[in-house]
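Take a look at the letters that make up each chain.
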Amino acid sequence: MPIVHIELYSGRTPEQKIACARDVVDAIVKHMNTTPEATQVVFVDIDKSNWLLGGKMPAAGAKKE
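Only a predicted model underlies this, so the values are computations on that prediction, with no experimental measurement involved.

A. Focus on the pairing of strand β1 (residues 3–9). As defined by bridge partners, β1 adjoins strand β2 (residues 40–46) across seven bridges and the pair is classed as parallel. Note that in β2 the partner of valine 4 across the bridge is valine 41. Between β1 and its parallel partner β2, the chain crosses via helix α1 (residues 14–32), and the hand of that crossover is right-handed.

Structural data, given as structure tokens:
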């Protein structure tokens, strides 16, 4: 059973996550010879204060990615 973990800054809406998960599941089914029912997508929301890039904190007020 494929399990896809997606880590991102906090703040996405449930609707955004659902749309993303649908596209991810479609791609996994297409390329990995599995079924939608066997595919899991896990979103891990991380506060920007807990995410360092290149050993540095993101700039204050930086655009969400």
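Read on, since the account is not over.
B. Representation of the packing of aromatic side chains in the model. In the structure shown here, the tally under the stated rule is one aromatic pair. With 5.2 Å between their ring centres and 65° between their planes, tyrosine 9 and tryptophan 51 make a pair best called edge-to-face. Of this pair, tyrosine 9 sits in strand β1 while tryptophan 51 sits in the segment after β2, and the two are 42 residues apart along the sequence. By relative accessible area, which is 12% here, tyrosine 9 ends up buried. Overall, tryptophan 51 belongs to the partly exposed group, its relative accessible area being 25%.

C. Structural view of the pattern of salt bridges. Overall, the coordinates contain one salt bridge when judged by the stated rule. Aspartate 45 serves as the salt-bridge partner of lysine 17, at 2.6 Å between the closest nitrogen and oxygen. Residue lysine 17 is found in helix α1, and its partner aspartate 45 is found in strand β2; the two are separated by 28 residues along the sequence. A residue is classified by how much of its surface remains accessible, and aspartate 45, at 38% relative accessible area, is partly exposed.

D. View of the environment of phenylalanine 43. Inspection of the secondary structure assignment puts phenylalanine 43 in strand β2. For phenylalanine 43, a relative accessible area of 22% corresponds to the partly exposed category. For phenylalanine 43, the contacting residues outside a window of four places in its chain are Ile6, Leu8, Lys17, Cys20 and Ala21.

Parameters and conventions
- Residues numbered from 1 in each chain as written.
- Predicted model: local features only at pLDDT ≥ 70, side-chain atom pairs only at ≥ 80, totals over all residues.
- Heavy atoms only, no water.
- Pairing = 2+ DSSP bridges.
- Helix = DSSP H or I, 4+ residues; strand = E, 2+ residues; numbered from the N terminus.
- Right-handed = clockwise from strand over helix to strand, strands pointing away.
- Phe/Tyr/Trp six-rings, centres within 6.5 Å; stacked < 30°, edge-to-face > 60°.
- Buried < 20%, exposed > 50% of the residue type's maximum accessible area, 1.4 Å probe, protein only.
- Salt bridge = Lys/Arg side-chain N within 4 Å of Asp/Glu carboxyl O.
- Contact = heavy atoms within 4.5 Å.

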